[in-house]
Amino acid sequence: MTQRALDSSGEQTPGPSRPAMIDAGAELDPVHPMEPPPPAHRPGGLSTAEVAERVARGEVNDVPVRSSRSLTEIVRANVFTRFNLIIGVLWVIMLFVAPIQDSLFGFVIVANTGIGVIQEWRAKKTLDSLAVIGEAKPTVRRDGVAAEISTSEIVLGDLVELGPGDKVVVDGTVAEADSLEVDESLLTGEADPVLKRAGDPVMSGSFVVAGGGAFTATKVGREAYAAQLAEEASRFTLVHSELRSGISTILKYVTWMMVPTAIGLIISQLVVKDNNFKDSVARTVGGIVPMIPEGLVLLTSVAFAIGVVRLGRKQCLVQELPAIEGLARVDVVCLDKTGTLTEGGMDVTEVRTLNGSDETYVRQVLRTLGSSDPRPNASLQAIIDAYPAGDGATDPAGRGEAESWAVTDAMPFSSARKYSGAAFEEADGTASAWLLGAPDVLLPEGDPTLTEIEHLNEQGLRVLLLARTRGELDAPDVAAGAAPTALVVLEQRLRPDAAETLKYFADQNVATKVISGDNAVSVGAVAGKLGLAGAENTLDARRLPTDPDEMATAMEQNAVFGRVTPQQKRDMVAALQSRGHTVAMTGDGVNDVLALKDADIGVSMGSGSEATRAVAQIVLLNNSFATLPSVVAEGRRVIGNITRVATLFLTKTVYSVLLAILVVCFQVEYPFLPRHLTLLATLTIGVPAFFLALAPNKERAQPHFVRRVMRYAIPSGVIAAAATFTTYLIARHHYSGPGALEAETSAATLTLFLVAMWVLAIIARPYTWWRIGLVAAMGLGFLIVLVVPWLQDFFALKLVGTTMPWTAVGIAVASAAALEFVWRWVGRRFRA
């Protein structure tokens, strides 16, 4: 099983993983009972018969991975809404008292709801299939053989192997430990890793940062700690989103306005005006239905769902829908170098001996170091590839020198200390201990070797120092006084698409910060090769101020940061957020977890460790940094377009409420039947909104959704209501006799349609050929209704004479001019 490991300079290399949701805010009970008591450790693990017996008893890790809502939940969420209930009742009433054309609004709602269910079901299937593709399989030892199995197949008593970056998937007791360090920060909030020894408990939801080992599963399924925390969580969620919470706020205000207005309208039409009962009911319903922005919630869900499907086709797993929105609001992206700007693999280009060291001897040390770690990281793997075991000189017995050396102790790499180590018994019996890691950590400040290393770093090369130490590897000051022996020069492979992606962010005014555990100069050189603006502004994180405000200033002034510790990455994200920035953090290794968890949006590579994928909202399954622009573009499309179409929906709500109030105040018949407003809503809102919501949109999403929408919807609705009611009052004085009400309605409908079309024309800007065609098509549709006789009868729309229709057009033109003025004035006066 390919494991996820930290390399010698603070970066990580890939390994399979599985996305999961962990409740990071939960506290870990310090006394976590381990019942039943763990079975005796058996190095070979359970037998096949024992596994079958446990499965039969139900002792299996059968917690379902809820990657999305079920079909039942999707249908319930889309059908059983407050507004659907109101519209459903009104629809049933209209089916009994009016012609079928006055009940069209009900059929439209059924069709729209069906579309919403289908689109979210498609999104669910996409999400579920991607989750299966990206699921990592832990290595379990059974019958003495290690094999990868699904997490759901783990049974009580299984022996589960662990390596750097692996997440502990069930509760257990450590059976084997090789310098095993576990980070429990996702459970306890404590950032310091915990050294685990045989017999120590491990909790599901924690992850390995260094070393390796194995543990015996003592609690599986819903008994496991992380499963209890995550029982109520679902990865596919529509909550905690500024967009959706803003829409909920708007709908709450709409309900407050709608209820008293509807009551007044009912009284006005049924009691005060002694009209035909059925006609009064129809016109009352015609006044209530358009107050409801029923399509707004639906369209938002559809836009999000289609976004998931689109990104899924690009191998991008969106674990939380608001992540699409969040990344659209991002103005700072923090990048980890390895795995993001560079590919995981590296090559040894040179080994420079120091202080007269023998080159042959150094190579033997490197060979043995390579064999000391069963889970080599990228740096060590490059050394193993360059100096494989058995490739050196032979001893009198014919064995390779490295093979005749015995490894007596080993210290895995950790991102906190920036080096690893091993102790050997050489072929002649001599004992020696070695450290391999960051030169600027192992060497004292001012050492002349650092100048040589600086020149190499300026070329974008990574340099490791091999140093001999006199002390024990577990001594806290083991690096003190270590004798420099050789420099190992590594060359990193740049991602071919990284430069173009960095350019995209620069063009979109998104600041890019490269945060790495590697040497700052080396990281800056790599960033410079990729054309990152400000790559020359590099800062060694060891000189980074600890004060949050000073750190925020340093973060804003510099673009590249090296020698960053995991805790510093977290602090840097917090510092940027304190200045009002929306921060996205990309990473693929365990030293990125804390920062990923705290960032507004966490993005993990698909080959990253299980820990990073557990906390990331977005996982790039194809490991391509170049997918990020697609995610940003999709988020901007969704947010920007929903803001546009929300203005359309709420303009209708405002003018509907105001028209109802004016009708009550003036004690006149409501001018419209439901069929009229169904036609207007379809042509000026429903059809255009669907196309506009799915159109490309590259503008960065802005905050204050409610304010941005209402600052235009309110004046637009007021102007539309005033223009329509003015036309209606003039028409009431102009027409008389039989058929007067129908003629008055037709004139008022013409004015309202033209004003609503102008609002649509404003929202459709900037114009493209298809936007112009969309607006023109809607206008043509209304014209066809006015000139085709059977459509005139169906919709009860027939313009009478020429004076009143042209008056209606004139009022609409004046209103359009007022709309232009008000929109420009609001844009200058009330900036969101």
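Going along each chain's sequence as written, the residues are numbered from 1 onward. Per-residue local features are limited, in this predicted model, to residues with pLDDT of at least 70; the limit for side-chain atom pairs, both in listing and counting, is 80 or more; totals at the level of whole chains, interfaces and linings are taken over all residues. With hydrogens and water set aside, each side-chain value is computed from the structure's full complement of heavy atoms.

Asks: Explanation requested: the pairing of strand 9 (residues 207–219) in the structure shown.
Replies: Residues in a regular strand point their side chains to alternate faces of the sheet. We call a residue buried when its accessible area falls under 20% of the maximum for its residue type, exposed when it is over 50%, and partly exposed in between, using a 1.4 Å probe and counting protein chains only. A run of H or I in DSSP counts as a helix once it spans at least four residues, and a run of E counts as a strand once it spans at least two, with each numbered from the N terminus. Burial runs high along strand 9: 13 of the 13 residues are buried. The criterion for strand pairing is that DSSP finds at least two bridges linking the strands in question. Where strand 6 (residues 171–183) and strand 9 come together, 10 bridges link them in antiparallel fashion. Its bridge partner lying in strand 9, Gly172 is registered against Ala217.

Asks: Would you take a moment to explain the pattern of salt bridges for this structure?
Replies: A side chain with one charge may pair with a side chain of the opposite charge, provided their charged atoms come close. The term salt bridge refers to a pairing of a side-chain nitrogen on Lys or Arg with a carboxyl oxygen on Asp or Glu at a separation within 4 Å. Applying the stated criterion to the full structure yields 21 salt bridges. Between Glu161 and Arg141 there is a salt bridge, and its shortest N-O distance comes to 3.0 Å. With Glu161 in strand 5 (residues 159–162) and Arg141 in strand 3 (residues 139–142), this residue pair connects regions lying 20 residues apart in the sequence. With its nearest N and O atoms 2.6 Å apart, the salt bridge here joins Arg142 to Asp158. With Arg142 in strand 3 and Asp158 in the loop between strand 4 (145–148) and strand 5, the pair connects residues that are 16 residues apart, well separated along the chain. Across this residue pair, the class does not change: Arg142 and Asp158 are buried. Several salt bridges converge on common partners, so that one network encompasses Asp440, Asp540, Arg542, Arg543 and Arg563.

Asks: What is the right way to read the packing of helix 24 (residues 705–734) against helix 25 (residues 740–763) from this model?
Replies: Working note: a packed helix pair is described by the angle between its axes plus the distance between those axes. Between the N-to-C directions of two axes lies an angle of 0 to 180 degrees, each axis being a line fitted to C-alpha atoms and, for a helix, fitted only over the stretch in contact. Contact pair helix 24 / helix 25: the axes reach a minimum separation of 8 Å and the direction vectors enclose 155°. When the axes of helix 24 and helix 25 are compared, the pair comes out roughly antiparallel. Classified by chirality, the crossing of helix 25 by helix 24 is right-handed. Here helix 24 contributes Ser716, Ala720, Ala723, Thr724, Thr727, Tyr728, Ala731 and Arg732 to the contact with helix 25, which in turn contributes Leu741, Glu744, Ala747, Ala748, Thr751, Leu752, Val755 and Val759. Split by residue class, the contact of helix 24 with helix 25 holds 10 nonpolar, 4 polar and 2 charged. Here the word oblique covers every angle except those under 35 degrees (roughly parallel), over 145 (roughly antiparallel) and from 65 to 115 (roughly perpendicular). With the far helix as reference, a near helix turned anticlockwise by less than a right angle produces a left-handed crossing, and one turned clockwise produces a right-handed crossing. Two residues qualify as a contact provided that any one of their heavy atoms is within 4.5 Å of a heavy atom in the partner residue. Basically, the charged four are Asp, Glu, Lys and Arg, the nonpolar ten are Ala, Val, Leu, Ile, Met, Phe, Trp, Tyr, Cys and Pro, and anything else, Gly included, counts as polar.

Asks: Got a minute to help me understand the side chain of His676 in this structure?
Replies: As for its position among the elements, His676 is in helix 23 (residues 674–693). With relative accessibility at 1%, the residue His676 sits in the buried group. In protein, a polar contact means a hydrogen-donor-capable atom and an acceptor-capable atom, both N or O and within 3.5 Å, with residues adjacent in sequence counting only if both atoms are side-chain atoms; elsewhere, any N or O pair within 3.5 Å suffices. Polar contacts involving the side chain of His676 include one to the main-chain carbonyl oxygen of Phe795, which spans 2.9 Å. Look past the residues within four positions of His676 in its chain and what remains in contact with it is Thr745, Thr749, Phe795, Ala796 and Leu797.

Asks: Can you help me understand the nonpolar core in this one?
Replies: Proteins that are soluble and globular tend to have nonpolar side chains buried together. Leu327, Ile618, Phe625 and Phe782 are the most contacted members of the largest nonpolar core, which totals 127 residues. No other element matches helix 22 (residues 628–666), which puts 16 residues into this core. Those residues in contact with Phe782, other than ones at most four positions away along the chain, are Leu679, Leu680, Leu683, Thr749, Leu750, Phe753 and Leu797. Nonpolar core, defined: a set of buried Ala, Val, Leu, Ile, Met, Phe, Trp, Tyr and Cys residues in which side-chain atoms within 4.5 Å join the residues together. Within the second largest apolar cluster, 26 residues are counted, among which are Ala210, Cys334, Phe561 and Ala575.

Asks: Is there a simple way to explain the packing of aromatic side chains in this structure?
Replies: The description of an aromatic ring pair uses the distance of the two centres, along with the angle that the planes make with each other. Pairing of aromatic side chains requires ring centres within 6.5 Å, counting the rings of Phe and Tyr and the six-membered ring of Trp. Pairs whose planes differ by under 30 degrees are stacked, by over 60 edge-to-face, and all others tilted. The final tally for this structure, using the stated rule, is 12 aromatic pairs. Judged by centre distance (5.8 Å) and plane angle (55°), the ring pair of Tyr361 and Trp405 falls under tilted. Within this pair, whereas Tyr361 is found in helix 11 (residues 359–372), its partner Trp405 is found in the loop between helix 13 (401–404) and strand 13 (406–414), the two being separated by 44 residues in sequence. For Trp405, a relative accessible area of 6% translates into the label buried. Where Tyr712 meets Trp823, the ring centres are 4.3 Å apart and the plane angle is 20°; that geometry is what we call stacked. Here Trp823 lies in helix 28 (residues 803–829) and Tyr712 lies in helix 24, a separation of 111 residues in the sequence. The class for Tyr712 is buried, based on a relative accessible area of 15%. An aromatic cluster of at least three residues, connected via ring pairs, comprises Tyr361, Trp405, Phe424 and Trp434.

Asks: How should the confidence of the model for the protein chain be read in this particular structure?
Replies: A low pLDDT score tells you not to read the predicted coordinates there in detail. Residue-level confidence of the predictor is summarised by pLDDT, bounded by 0 at the bottom and 100 at the top. Averaged over all residues, the pLDDT of the protein chain equals 80, while 85% of them reach at least 70. Low pLDDT, under 50, characterises residues 1–38; the stretch is placed with 158 contacts to residues that sit more than four places away or in other chains. Across residues 229–239, confidence stays below pLDDT 50; counting only partners more than four residues off in sequence or on other chains, it has 34 contacts.

Asks: Sorry, what's going on with a negative patch on the surface here?
Replies: Together, Asp178, Asp409, Glu472 and Asp474 make up a negatively charged patch on the protein surface. Within the secondary structure layout, Asp474 lies in the loop between strand 16 (462–469) and strand 17 (483–494). Candidates for patches are residues over 30% relative accessible area with no salt bridge; among them, like charges are joined within 9 Å and nonpolar side chains (Val, Leu, Ile, Met, Phe, Trp, Tyr) within 5 Å. Values of accessible area rely on a 1.4 Å probe in the Shrake-Rupley scheme; residue burial ignores everything except the protein chains shown. None of His or the chain ends enter the tally, which takes Lys and Arg as positive and Asp and Glu as negative. In this description, the location of a charge corresponds to atom NZ of lysine, CZ of arginine, CG of aspartate or CD of glutamate.

Asks: So what exactly am I meant to see when it comes to a nonpolar patch on the surface here?
Replies: Side chains of Leu71, Val75, Val79, Phe80 and Trp121 sit close together on the surface and give an oily, nonpolar patch of about 430 Å² of accessible area. The element contributing the most residues to the nonpolar patch is helix 2 (residues 71–79), with 3 residues. Counting through the fold element by element, Val75 comes out in helix 2. Take Val75: its relative accessible area is 31%, and that puts it in the partly exposed class.

Asks: Can you help me understand helix 18 (residues 548–557) in this one?
Replies: Each α-helix winds once per 3.6 residues, and so residues spaced three or four apart point in a common direction. Buried within helix 18 are the following residues: Met551, Ala552, Ala554 and Met555. Axial view of helix 18: buried residues confined to an arc of 165°, hence all on one face. The inward-facing, buried residues of helix 18 abut strand 18 (511–515), strand 19 (538–540), strand 20 (560–562) and helix 19 (566–578). In this structure Asp547 caps helix 18, since a side-chain oxygen of it lies 3.2 Å from the backbone nitrogen of Asp549. Each C-beta atom gives one direction from the helix axis, and the arc is the one those directions make.

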